[in-house]
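Descriptive analysis of the structure
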Amino acid sequence: MKKKINIETFFFVSIIVVSVAFLLPLIVLSFYNHPSVDDFSYSISTHEVWKNTNSVFSLVAEAFRTSAKYYNTWQGLYSSAFLLSLQPSIFGESWYALAGIFIIAAFYCSSIFFCYYMFYKKLELKKLEAVSIGFLISMLCIQWMPSALQGIYWFNGAGNYTFFFAILLFVVVCITSISSDTSKVLNVKLCLKILITSIFAFILSGGNHVTAFMGFLTIATVVMYGFFRKNKMLVFRNLLPFAFSLFGLLLNFLSPGTKIRQSNFQKTGFVKTIVLATFRGFENTNLWINVAIILSILLMIPFFLRAAQRLLENGKCKFDKPLLVLILGAAYPCLEFCPPFYAVGHEGDGRLLNVVYFSIVFILFFEMFYICGWFLSKIKVDLEFVKK
């Protein structure tokens, strides 16, 4: 037994080491990176303010003014405009090397935290297993994303999409946490979690339309589920995050700048949007699933089986709706294509495709976990290795 534990530990530590090692070339490339295109237009005023004042307060104030400017003249992305106006090269062009490093660090931290919470706290994998899966998924996402240029190195694109996908993961964890909290009353800790969730839901709604829409849809689904199950506490806990998310989404979509930008594009009808989004969702899923993803998921199956067995034995999950889980998993990427198709008539650029790809990778891991649980719930054979 001791030997088996050592082998497992070595296996998961090796995943972490390989994942980090694969980042080194990407980090080195960051030092050859330079700002371009919208990096300049979004940060020209913040650069001038910093150069003339060296005041952090004045810099932040100018970032808010830049956000307000674009909100009224080009697009309602109030959160991302603020972030993009603070791109690293405002302090000097050599600082732009931090752009890629910041994006990679934010994505890795969010993904690892997400997997730690979901797989360890909720799905009962071991702590090292959960953290290693976070590193593994992060590596699969970063190394095989459709556009590394727009997903890592161009801050204006990566900051608006990759970074906000990281925020989406954090919001999902927060929603899960407040929804599953065992407290019977609203204590200080639960109220603080609801407040933090609401703030980040509002920030998320001020980013790109895809992650903003999916964040709102996630919270709305939880609220509707609470209504359906007549779970008043579940509905009540998520009402404030729902309100903040909806308010932010309306601010974003109905801004004067969004109307101005939208006038340059031809909208796609609702029915055509659904058809095109569904087609591209399935087509890109088929295109992006590669050997690395398949092999990585297969390597996790023994550990998924062991954790799923614990959930079954404890009565925490029945794993009795595999078809529904598969349908929802297949529908999620299709839903992500709805905002760009409806608004601008096409699927979007590489930075948007990255977000859809990230979602597919995460979904595949969780779907496999659920299938493992469903398999164990149906078989009568005693799988000895599962219990170890």
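Heads up: these notes are all about the structure in this document. (Residues numbered from 1 in each chain as written. Predicted model: local features only at pLDDT ≥ 70, side-chain atom pairs only at ≥ 80, totals over all residues. Heavy atoms only, no water.)

**Overview of unusual backbone geometry**
In the Ramachandran plot, asparagine 54 falls in the positive-phi region, its phi being about 55° despite a non-glycine side chain. Tracing the backbone shows asparagine 54 in the loop between helix 3 (38–53) and helix 4 (56–73). On the accessibility criterion, asparagine 54 (53% relative accessible area) is exposed. One non-glycine residue, phenylalanine 319, lies in the positive phi region at around 55°. (Helix = DSSP H or I, 4+ residues; strand = E, 2+ residues; numbered from the N terminus. Buried < 20%, exposed > 50% of the residue type's maximum accessible area, 1.4 Å probe, protein only.)

**Details of the state of the cysteines**
Scanning all chains against the criterion turns up zero disulfides. Free cysteine cysteine 109: the closest other cysteine sulfur is in cysteine 115, separated by 13 Å. Cysteine 338 carries a free sulfur, and the closest cysteine sulfur to it, the one in cysteine 334, is 7.8 Å from it. Given a relative accessible area of 12%, cysteine 338 falls into the buried group. (Disulfide = S-S within 2.5 Å.)

**Quick word on the packing of aromatic side chains**
The full count for this structure, using the stated rule, is 32 aromatic pairs. Pairing phenylalanine 165 with phenylalanine 358 gives two aromatic rings, centres 5.3 Å apart and planes at 55°, and the pair type is tilted. Of this pair, phenylalanine 165 sits in helix 10 (residues 162–180) while phenylalanine 358 sits in helix 19 (residues 350–378), and the two are 193 residues apart along the sequence. (Phe/Tyr/Trp six-rings, centres within 6.5 Å; stacked < 30°, edge-to-face > 60°.)

**Considerations on the nonpolar core**
Phe119, Ile133, Phe304, Phe362, Phe365 and Phe369 are the most contacted members of the largest nonpolar core, which has 90 residues in total. Sorting elements by how many residues they give to this core places helix 19 first, with 15 residues. Aside from chain neighbours lying at most four places away, what touches isoleucine 133 is Cys115, Phe119, Leu125, Met300, Phe304 and Phe365. (Core = buried A, V, L, I, M, F, W, Y, C linked by side-chain atoms within 4.5 Å. Contact = heavy atoms within 4.5 Å.)

**Concerning the packing of helix 6 (residues 97–122) against helix 19**
Running from N to C, helix 6 and helix 19 cross one another at 20°; their axes reach a closest spacing of 13 Å. As far as their axial angle goes, helix 19 and helix 6 are roughly parallel. Between helix 6 and helix 19 the crossing geometry is right-handed. Judged by residue contacts, Phe107, Ser111, Phe114, Cys115, Met118 and Phe119 of helix 6 engage Phe358, Phe362, Phe365 and Phe366 from helix 19. (Axes fitted to C-alpha atoms, helices over the stretch in contact; angles between N-to-C directions. Parallel < 35°, antiparallel > 145°, perpendicular 65-115°, else oblique. Left-handed = near helix turned anticlockwise from the far one by under 90°.)

**Quick look at helix 6**
Between its first and last C-alpha atoms helix 6 spans 37 Å; for 26 residues at 1.5 Å apiece the expected length is 38 Å, and the two agree. Two residues or fewer past helix 6, glutamate 124 is found with a positive phi of approximately 65°. (Expected span 1.5 Å × (residues − 1).)

**Digging into the environment of serine 245**
Here serine 245 shows up in helix 13 (residues 232–253). Owing to a relative accessible area of 1%, serine 245 belongs among the buried residues under this scheme. For the pair serine 245 and isoleucine 16, spaced 229 residues apart in the sequence, the C-alpha separation amounts to 34 Å. Ignoring sequence-local partners within four residues, the contact set of serine 245 consists of Ala201, Ser205, Gly215, Phe216 and Ile219.

**Describing the pattern of salt bridges**
Applying the stated rule across the entire model yields eleven salt bridges. Residues lysine 126 and glutamate 8 are paired through a salt bridge, measuring 3.9 Å at the closest nitrogen-oxygen approach. Taken together, the positions of lysine 126 in the loop between helix 6 and helix 7 (127–143) and glutamate 8 in helix 1 (residues 2–21) put the pair 118 residues apart, joining distant regions of the chain. Across the pair lysine 51 and glutamate 48 runs a salt bridge whose closest N-O atoms are separated by 3.5 Å. Residue lysine 51 and its partner glutamate 48 are located together in helix 3, separated by three residues, close to a single helical turn. Classification of glutamate 48 by relative accessible area gives partly exposed; the value is 33%. Each of Glu8, Lys126, Glu129 and Arg306 takes part in salt bridges that share partners, so that together they form one network. (Salt bridge = Lys/Arg side-chain N within 4 Å of Asp/Glu carboxyl O.)

**Section: the environment of phenylalanine 369**
Summarising the element assignment, phenylalanine 369 is placed in helix 19. Remark: the alpha-carbon pair of phenylalanine 369 and asparagine 314, spanning 55 residues in sequence, is separated by 16 Å. If we skip the residues at most four places from it in the chain, phenylalanine 369 touches Leu123, Leu125, Phe304, Ala307, Ala308, Leu311 and Phe319.

**Observations regarding a positive patch on the surface**
Together, Lys121, Lys122, Lys127 and Lys189 give the surface a local cluster of positive charge. Considering the arrangement of structural elements, one finds lysine 122 in helix 6. The class of lysine 122 is partly exposed, set by a relative accessible area of 30%. (Patch = residues over 30% accessible without salt bridge, like charges linked within 9 Å, V, L, I, M, F, W, Y side chains within 5 Å. Areas by Shrake-Rupley, 256 points an atom, 1.4 Å probe, with all protein chains shown as cover. Lys, Arg positive; Asp, Glu negative; His and termini not counted. Charge placed at Lys NZ, Arg CZ, Asp CG, Glu CD.)

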